[in-house]
Amino acid sequence: EVSVPLFGKSNRRPLLERFEVNLAGRYESISDAGSSQVPKYGFTWQPVRAVLLRGSYSEGFRAPSLTEDRRATINTTLTFADPLRRNERYLFAYVLRSNPNLRPETSTNQFYGVVVEPPFVKGLSLSANYYRTEQEDAIQSIGIATTLANPQLFPDSVIRAAPTPDDIALGYPGRITTLFGQTLNFGLIRNESLDLG
């Protein structure tokens, strides 16, 4: 990580009381998840003494933990409402399994902030900070209710028996025989916040 002061007390200019750039980088190599180069860029700019502007952009990389991609298989039975059979409740096998195809999740992070200290009010400091984070290929455990309500999104997770003639007459799929639960790379998670002080 390096911080480079380009303008400061000794060489300040109009609208450049202070200006710094920050650069950082991290290289990660994980035996089962590959490698990644993770950069970070930032700046601090003080155009006049009363105003300070800051910003940064960085990337993140998180490999699956051992409990996420190497968990032991656990078999049990449970009773749960089946939304495709008008919430009929019945017993089926639930198998919690590992996922050797789990990929690392990546993220981007942005930060922008401003601090204003008006000279005519001693001790007053006003600040606003904006944060934005996006995680791609988020590593998530999908709940049973979500899996059953969206079988098209998790086609290998819900195993059903062939429908009986009564099921066909009612327009029901067959009963669930096995439901697989596992950690998946699923979706995009976006977080945004604004802090005022």
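1. With respect to the packing of aromatic side chains
Now for step 1: One pass over the structure, following the stated rule, counts five aromatic pairs.
Now for step 2: Relative to Phe 92, the ring of Tyr 90 has its centre 5.9 Å away and its plane inclined at 65 degrees; by these criteria the two rings are edge-to-face. Each member of the pair, Tyr 90 together with Phe 92, is buried.
Now for step 3: The ring of Phe 180 is capped by Arg 97, whose NZ or CZ atom sits 4.0 Å from the centre of that ring.
Now for step 4: The ring of Tyr 90 carries the charged tip of Arg 175 above its face, separated from the ring centre by 4.5 Å.

2. Structural notes on a nonpolar patch on the surface
Now for step 1: A cluster of nonpolar side chains, contributed by Phe 120, Val 121, Leu 124 and Leu 126, occupies part of the molecular surface with about 380 Å² of accessible area.
Now for step 2: Mapped onto the secondary structure, Leu 124 falls in the loop between strand E7 (105-116) and strand E8 (126-136).
Now for step 3: Residue classification places Leu 124 among the partly exposed positions, given a relative accessible area of 32%.

The rules behind the values
- Residues numbered from 1 in each chain as written.
- Predicted model: local features only at pLDDT ≥ 70, side-chain atom pairs only at ≥ 80, totals over all residues.
- Heavy atoms only, no water.
- Phe/Tyr/Trp six-rings, centres within 6.5 Å; stacked < 30°, edge-to-face > 60°.
- Buried < 20%, exposed > 50% of the residue type's maximum accessible area, 1.4 Å probe, protein only.
- Lys NZ or Arg CZ within 6 Å of the ring centre and 35° of its normal.
- Patch = residues over 30% accessible without salt bridge, like charges linked within 9 Å, V, L, I, M, F, W, Y side chains within 5 Å.
- Areas by Shrake-Rupley, 256 points an atom, 1.4 Å probe, with all protein chains shown as cover.
- Salt bridge = Lys/Arg side-chain N within 4 Å of Asp/Glu carboxyl O.
- Helix = DSSP H or I, 4+ residues; strand = E, 2+ residues; numbered from the N terminus.

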